[in-house]
Amino acid sequence: ESRDIQPRASDGEKLRWNWNAPIHMSPNEKGTLYIGAQYLFRTRNQGQTWDRISPDLTTNDPKKQQQEQSGGITVDNSAAEMHTTIYSISESPRDGKVIWVGTDDGNVQVTRDGGKSWKNVVAGAKAPANSWVSYVDASPHEAGTAYVAFDRHTYGEMGPMLYKVSGYGAKWTPLVTPQQTKGVRGYAHVLREDTVRPGLLYAGTEFGAFVSFNDGTAWQPLQQNLPATPVTDIKVHRNDLVISTMGRGLWIMDDVT
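Residues numbered from 1 in each chain as written. Predicted model: local features only at pLDDT ≥ 70, side-chain atom pairs only at ≥ 80, totals over all residues. Heavy atoms only, no water.

(A) Here's a closer look at the sheet that holds strand β9 (residues 132-138). Strand order in this open sheet of four strands is β9-β10-β11-β12, and the pairing throughout is antiparallel. Sheet topology places β9 and β12 (171-176) at the edges, where each strand pairs with a single neighbour. Ignoring strand direction, the axes of neighbouring strands in this sheet form an average angle of 25°. When strand β10 (residues 146-151) meets strand β11 (residues 161-166), the two strands line up antiparallel, connected through five bridges. Its bridge partner lying in β11, Ala 149 is registered against Leu 162. (Pairing = 2+ DSSP bridges. Helix = DSSP H or I, 4+ residues; strand = E, 2+ residues; numbered from the N terminus. Axes fitted to C-alpha atoms, helices over the stretch in contact; angles between N-to-C directions.)

(B) How the structure looks around the sheet that holds strand β7 (residues 108-111). Across the sheet, which stays open at both edges, the four strands sit in the order β5-β6-β7-β8 with antiparallel pairing between neighbours. Unpaired on one side and paired on the other, β5 (86-91) and β8 (119-120) mark the two borders of the sheet. In the sheet, strand β6 (residues 99-103) pairs with β7 via four bridges, with the strands oriented antiparallel. Note on β7: the bridge partner recorded for Trp 100 is Val 110.

(C) Spotlight on the side chain of Ser 88. Here Ser 88 lies in strand β5. Judged by relative accessible area, Ser 88 falls into the buried class, the value being 5%. Among the polar contacts listed, one links the side chain of Ser 88 to the backbone nitrogen of Val 136, at a separation of 2.9 Å. Those residues in contact with Ser 88, other than ones at most four positions away along the chain, are Pro 22, Trp 100, Val 101, Gly 102, Tyr 135 and Val 136. (Buried < 20%, exposed > 50% of the residue type's maximum accessible area, 1.4 Å probe, protein only. Polar contact = N/O pair within 3.5 Å; in protein donor to acceptor, adjacent residues only side chain to side chain. Contact = heavy atoms within 4.5 Å.)

Spatial relationships are all this shows, so hold off on functional conclusions.
If you want it as structure tokens, here you go:
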């Protein structure tokens, strides 16, 4: 037996869901779940009811919302063409009121009061406008710190873009850029910090997985026997890593150090 728990639009409203709409489980509050359209939704009762806890966190650029003006071609009923959407959500394990959100049109938003107020802090990155925010990972060690990955391969830019954000967005430190790749190959999908050791970072790109033992100063390949394949997500579980690849399944690494 199953039931659809997706949040519903209000009368006359259209929710914009990304093809890979993000779902995030709270690390602080059992049963709390987030999902993002152009708004951030939160449920505390397994999806029976949802609270909308943000305004539109995207650029809401109408020029990027004309997918239904298709010249007579039938619009994909899966809503795969949606743009200006939330793509990444991360609640701080240190403070449940701190939530980070990244969008597919270049915004990085943060709230420090559980969604009552939001601030777009992406300007500190000095990244090109409208860069796809492929991942935001709230640090498990500091409430005001997060790690952000941008992806600009749709603009023909194939280099990795990885940043450390501190002071709740006040300071952005570039870890890897297309100009200084530090041996990291391919545009970035995911960037995570180790849950036990601060400054131990894992990055997944279009060409594999990479590790830094010094908070992004130097990097080296993590794959060992992992094929050169897109790494779309990395889960840190105690002393193990679960690596999600595109077309090559799940891999488990049990000795990173």
